[in-house]
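These are the residues of each chain, in order.
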Amino acid sequence: MPQMPQRKQISLVIFLLLIVPVCFIHCADDVQEMGDEGWSFIVMGDVRQGYGLYGQLVGNISKIDPVPVLAICCGDIMLRPANEVEWLNFWHISKPLTDRTPLYFVRGNHEGNDPASEEFLRKQLNLPNDNFYYSFNNHNTFFIILDTERRGEEQSIGNGQMDWLIHQLDSVKEVNTVQNIFIFMHHPLYPQGEFKGSNLKNADDLHSLFLQHPKIRAVIAGHDHVFNRYEYDGMTYLTTGGVEASLYHGSGGDYYHFVKISFYSSENRINVKTIGIFNEVIEDFNL
C-alpha cells in the first residue's frame, strides 16, 4: 500500500487537532438546558478513591447552568473505610461541586459498618441522627436515602428500617405539595450488570411496597459499575456506579458518567440524562 506523503500526514494531524476541540466544545454545550427547566439534581456513584475522572466529572457538574439544587452519591465514596487521607482528598476534589451544591450520601459497602468506621463516617457526613438512612424535602420532591449496609442486615432493608420507610412513604402519600418521590440506596434491588441475580434479600417486598406509591418516579442505586435502566411492573430502577471504579463490561452501560435529573414545569415532565467525562450526553429519556 502506498505511503501518505509526509506533508499530507502533517496536514491531517493539524486538521484533527483543530476539529477535536470543536467536538469537545459542542459536547460541553449539551448540558446547558434550554426552555423552561425549573430545577435539577445530580446523582452519581462508586468513586472508590478515583480522583482523576471524578475531578473531571465534578468540573463538568460545576459548569451546569442553572445550578443543580443538590447532588447525591450512591455510595462507595472510599476504597477503604475510615481512611482520613482518602476523605481529605475527596473533599478537596469535590470543592467545585460543594461550593455550589449540597452533597448528600448513601452508605456503600466500602464505607464499612464496624463501630469505628461508622463513627468516622458520621463525622465526615454530619448526618442528622445516628442512622445512615434519612429523608428530606426539596422543591416538590421527597428524597429517601436507604442503608443496605446495616450491620447484620447487609444487602437488605431490615425490619426497623422497613417500618421507618413505610412511615415515610405514608406520611407524604396525601400531601399535595409533594408530587415526586425518589429513593436511593447502594445495592440495587434487581442488579442487571455484573451482579445480576444477586437481588437485595427482600427485593420483592420492597418492590411490592413501591408499587403502592405512584409518586415514586425512580429507585436509584450504585454498586454495579455501569449505568442501567430497568423497568419492572412500571417501576423505574436506575443504577449509576460509573464515577471512577473499574467498569464492569459485557452488559452495556459501561462508561464513566453522572446522572442529571431535570424538572420541566410547563411540560410536566422529568428528564434523565447521563453525562460522560467529555460533557457528552449519552442517555436521554423521560420518566
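Here goes a summary of the coordinates provided. (Residues numbered from 1 in each chain as written. Predicted model: local features only at pLDDT ≥ 70, side-chain atom pairs only at ≥ 80, totals over all residues. Heavy atoms only, no water.)

**Observations concerning the overall build of the chain**
Thinking step 1. Helix and strand counts for the chain stand at six helices and 12 strands.
Thinking step 2. In the chain, buried positions account for 52% of the 287 residues.
Thinking step 3. The long-range fraction of contacts in the chain, counting pairs at least 24 apart against all pairs at least 6 apart in sequence, stands at 69%.
Thinking step 4. Looking at the chain as shown, the accessible area adds up to about 13,500 Å², and 52% of this sits on carbon and sulfur atoms. (Helix = DSSP H or I, 4+ residues; strand = E, 2+ residues; numbered from the N terminus. Buried < 20%, exposed > 50% of the residue type's maximum accessible area, 1.4 Å probe, protein only. Contact = heavy atoms within 4.5 Å. Areas by Shrake-Rupley, 256 points an atom, 1.4 Å probe, with all protein chains shown as cover.)

**Re the state of the cysteines**
Thinking step 1. On inspection of all chains with the given rule, the structure shows zero disulfides.
Thinking step 2. Its sulfur unpaired, C73 is 6.8 Å from the next cysteine sulfur, which belongs to C74. (Disulfide = S-S within 2.5 Å.)

**Overview of the sheet that holds strand β6 (residues 180-184)**
Thinking step 1. On the basis of which strands lie adjacent, the open sheet formed by six strands has the order β4-β5-β6-β7-β9-β8 and mixed pairing. The strands lining the two open edges of the sheet, one partner per strand, are β4 (134-138) and β8 (227-232). Ignoring which end each strand starts from, the neighbouring axes of this sheet average 20° apart.
Thinking step 2. Both β8 and strand β9 (residues 235-240) contribute to a ladder of six bridges, which runs antiparallel. The residue of β9 that forms the bridge with R229 is L238.
Thinking step 3. In the packing of helix α6 (residues 203-211) onto the sheet, contacts are made with β6, β7 (216-221), β8 and β9, and the angle to β9 comes to roughly 125°. (Pairing = 2+ DSSP bridges. Axes fitted to C-alpha atoms, helices over the stretch in contact; angles between N-to-C directions.)

**Things to note about the nonpolar core**
Thinking step 1. With 50 residues, the main nonpolar core has F41, F182, F184 and I261 as its most contacted residues.
Thinking step 2. Ignoring sequence-local partners within four residues, the contact set of F41 consists of P68, L70, F143, F182, F184, V259, K260, I261 and F263.
Thinking step 3. Residues W164, Y190, M235 and Y237 belong to the second largest nonpolar core, which totals 26 residues. (Core = buried A, V, L, I, M, F, W, Y, C linked by side-chain atoms within 4.5 Å.)

**What about the environment of G112?**
Thinking step 1. You can see G112 is positioned in the loop between β3 (103-105) and α4 (115-125).
Thinking step 2. Here G112 falls in the buried class, since its relative accessible area comes to 11%.
Thinking step 3. A C-alpha to C-alpha distance of 9.4 Å links G112 and M78, two positions 34 residues apart in sequence.
Thinking step 4. Ignoring any residue separated from it by four or fewer positions in sequence, one finds G112 in contact with P81, R107, S117 and E118.

**Observations regarding the sheet that holds strand β11 (residues 269-275)**
Thinking step 1. Taken in spatial order, the six strands line up as β3-β2-β1-β10-β11-β12 in an open sheet, and their pairing is mixed. At either margin of the open sheet sits one strand with a lone partner, and together these are β3 and β12 (281-286). Strand-to-strand, the axes of this sheet are offset by a mean angle of 20°, without reference to chain direction.
Thinking step 2. Relative to strand β10 (residues 258-264), strand β1 (residues 37-44) runs antiparallel, the two being bridged by six bridges.

**Quick look at the pairing of β12**
Each regular strand displays side chains that alternate between the two surfaces of the sheet.
Thinking step 1. Across five bridges, the pairing between β11 and β12 is antiparallel. Bridge pairing in β12 links T274 to E283.

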